[in-house]
Every structure is written in C-alpha cells, then in structure tokens.
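Breakdown of the fold
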Amino acid sequence: MVKDMGDLTGRVAIVTGAAGGIGRAVCETLAMHGAIIAGADMNQEGLNETIRLVEEAGGQMSGFPLNVMELSSVQEMMKSVDEKYGHIDILVNVAGILSGARYDEVTTEMWDKMIDINLRGYHYCNQSVVPYMAKNGGGSVVSISSQAGQVGGWLGSVAYSASKGGILALTKGYARQTQQYHIRFNDVAPGRMLTPMTAARGDKPEGIPVGRLGTAQDVANAVYFLASDLSAFVDGTCIDVNGGEFMRS
Ligand SMILES: NC(=O)c1ccc[n+]([C@@H]2O[C@H](COP(=O)([O-])OP(=O)(O)OC[C@H]3O[C@@H](n4cnc5c(N)ncnc54)[C@H](O)[C@@H]3O)[C@@H](O)[C@H]2O)c1
C-alpha cells in the first residue's frame, strides 16, 4: 500500500486573504486534509466567518490580523503563528486586490497600491516565512497568480496584470534562492472564476473548453496539491486552473 502523501495532519498552514472567496476555500480544503490553519486577513469579520465554517466542518483554525502592505504586520503575524504552534510548514499567498481601470486611467496611486499589495505583499510574506521554514527543515509556499499575469488580462487593469506576472517571476526567484532550506515555491494561476471578486463583471464561459467558469474550490484543489507532499518534486512552476482557456505551448 502506498503512503498517503496528501495527508497534512499536524502541519501548520498560513493562508493570507483567508476572509475572501479563494482564501476561504483554501482554508477549508487544507483543514479537511488535516492541516492546522492560521488564517490572516485585514477583514476581521470575514476571517471570523471562515473560522466558523472550518470549525463547523471539524477543522482547526485561528485568525491573525494582517496588512500585507506593512512589513512589520507580516513579521508580527508570522511570529505570532510560530509562537502559538511552534512551526510553520505551509504558506499560501492569496491576499490581493483587483482593479478594472483601463491603461489610460491607471493613476500613480492606483499603480502603487496594486503593486504594493499584490506583489510586494507576496515578497514580504515569502521573505518573512523563510527563516521559520528553514529552522523546521523545509516547507511549501503557494502563491495565487492569475491568467492575467500570463496573457495580459481582459478586464483587469495593466497594473493588475503586471502584479500577477511579477508573482510568476518572484516565485521562481525564491525557489532558486532558498533551495538549501528545502522550501518549495509554486504558483496557481486561476483563469476566469466566479467569486465575489468578479461576480459584478457578469463573465460568461465562452472560449473556455471545459464549458464553465472556475470556482474557488477549483483553485483550492490545485493549492492543496502544491502545499502537500503529493508535489514533492514540483518546484518553481505554476499550475494553470483556467478550464483550458489559456494553453501553454
Ligand atoms: N477571483 C478571481 O476570478 C481570480 C482570478 C485570478 C486570480 N485571483 C486572485 O486570487 C486572490 C484572491 O481572490 P478572491 O477572489 O478570493 O478575492 P477576495 O476579494 O474575495 O479576497 C481577497 C482577500 O484579500 C484580503 N486583502 C486585501 N488586501 C489586503 C491587505 N493589504 N492585507 C491583508 N489582506 C488583504 C481581503 O480582505 C480579502 O479577504 C487574489 O490574489 C486574486 O488576484 C482571483
């Protein structure tokens, strides 16, 4: 009988953006496979609701306040998680914002905010988690990028596409530079999804070979694979969860 490489029992998983659509599905999915969830978000009310749902399903989760724009906030959150549980095994970077502004409407303020949250925030989280994972013998970091970062986006602003494309490079850089610590870094690139973030756009599934929009659960399933030992030989890459709309050559 083969060992269950997907078992996460006892592993501590930090999930940023845990109050949002994709973050919540990630928390529920990793908890279902045995992980102890440290959910982090700036939305305390949404975070409480995620904790309620995870606990209701029999999982273990606690919440931590976080603003990924502030390095001190990221460091404080990591320290609190490590003090509470003694180790950090998984980090899932989900916290992000979306903007639909056209290229000629993107102001300096909008550009800076988008890059600060979506790209610098991921860097802060990666940079801060490395020492904790290193002292524990390794870990897995999964970052949510986007199809917009691969093809330039549809309705998202150029700042959004640039931030998500930057994540793909950030992940490869971290995968190369932390190999001595046995930390794997990978991305998930969702395509057109039906989540609270995009519901107002009214997307239709035209052009998606699978014939539907994606769900937060579709993304969470790919995150689970990359977070667990099922992907032990997968590093510095990206899983596309887009129903076949964008196919790599
Ligand atoms: N929804 C989609 O269709 C889609 C597609 C591709 C990629 N993504 C990416 O997936 C991620 C999550 O998307 P979602 O649909 O769950 O969005 P969402 O808006 O439901 O959740 C985002 C979460 O991030 C949190 N957040 C925002 N700024 C923060 C900050 N400065 N510090 C801490 N937390 C902060 C919000 O409070 C929210 O809970 C984002 O990175 C998004 O770009 C989403």
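Residues numbered from 1 in each chain as written. Predicted model: local features only at pLDDT ≥ 70, side-chain atom pairs only at ≥ 80, totals over all residues. Heavy atoms only, no water.

1. Here we look at the sheet that holds strand β1 (residues 12-16)
Spatially, seven strands are ordered β3-β2-β1-β4-β5-β6-β7 in an open sheet, and the strand pairing comes out parallel. Every interior strand has two partners, whereas the edge strands, β3 (60-65) and β7 (238-241), have only one. Ignoring which end each strand starts from, the neighbouring axes of this sheet average 20° apart. Of the strands in this sheet, β1, β2 (36-41), β3 and β4 (90-93) touch helix α1 (residues 21-32), which is tilted by about 170° from β1. (Pairing = 2+ DSSP bridges. Helix = DSSP H or I, 4+ residues; strand = E, 2+ residues; numbered from the N terminus. Axes fitted to C-alpha atoms, helices over the stretch in contact; angles between N-to-C directions. Contact = heavy atoms within 4.5 Å.)

2. A closer look at the environment of Gly 20
As for its position among the elements, Gly 20 is in the loop between β1 and α1. In this structure, the C-alpha to C-alpha distance between Gly 20 and Asn 136, residues 116 residues apart in sequence, is 29 Å.

3. Details of the pattern of salt bridges
Counted according to the given criterion, the structure contains 10 salt bridges. For the salt bridge of Glu 56 with Arg 52, the shortest nitrogen-to-oxygen distance reads 2.8 Å. Note that Glu 56 and Arg 52 are positioned in helix α2 (residues 44-56) at a spacing of four residues, about one turn of the helix. What makes Glu 56 exposed here is its relative accessible area of 59%. Glu 83 is the partner of Lys 79 in a salt bridge, and the nearest nitrogen-oxygen pair spans 3.4 Å. You can see Lys 79 and its partner Glu 83 sitting in helix α3 (residues 71-85), four residues apart, about one turn around the helix. A relative accessible area of 41% means that Lys 79 is categorised as partly exposed. Judged by relative accessible area, Glu 83 falls into the exposed class, the value being 60%. (Salt bridge = Lys/Arg side-chain N within 4 Å of Asp/Glu carboxyl O. Buried < 20%, exposed > 50% of the residue type's maximum accessible area, 1.4 Å probe, protein only.)

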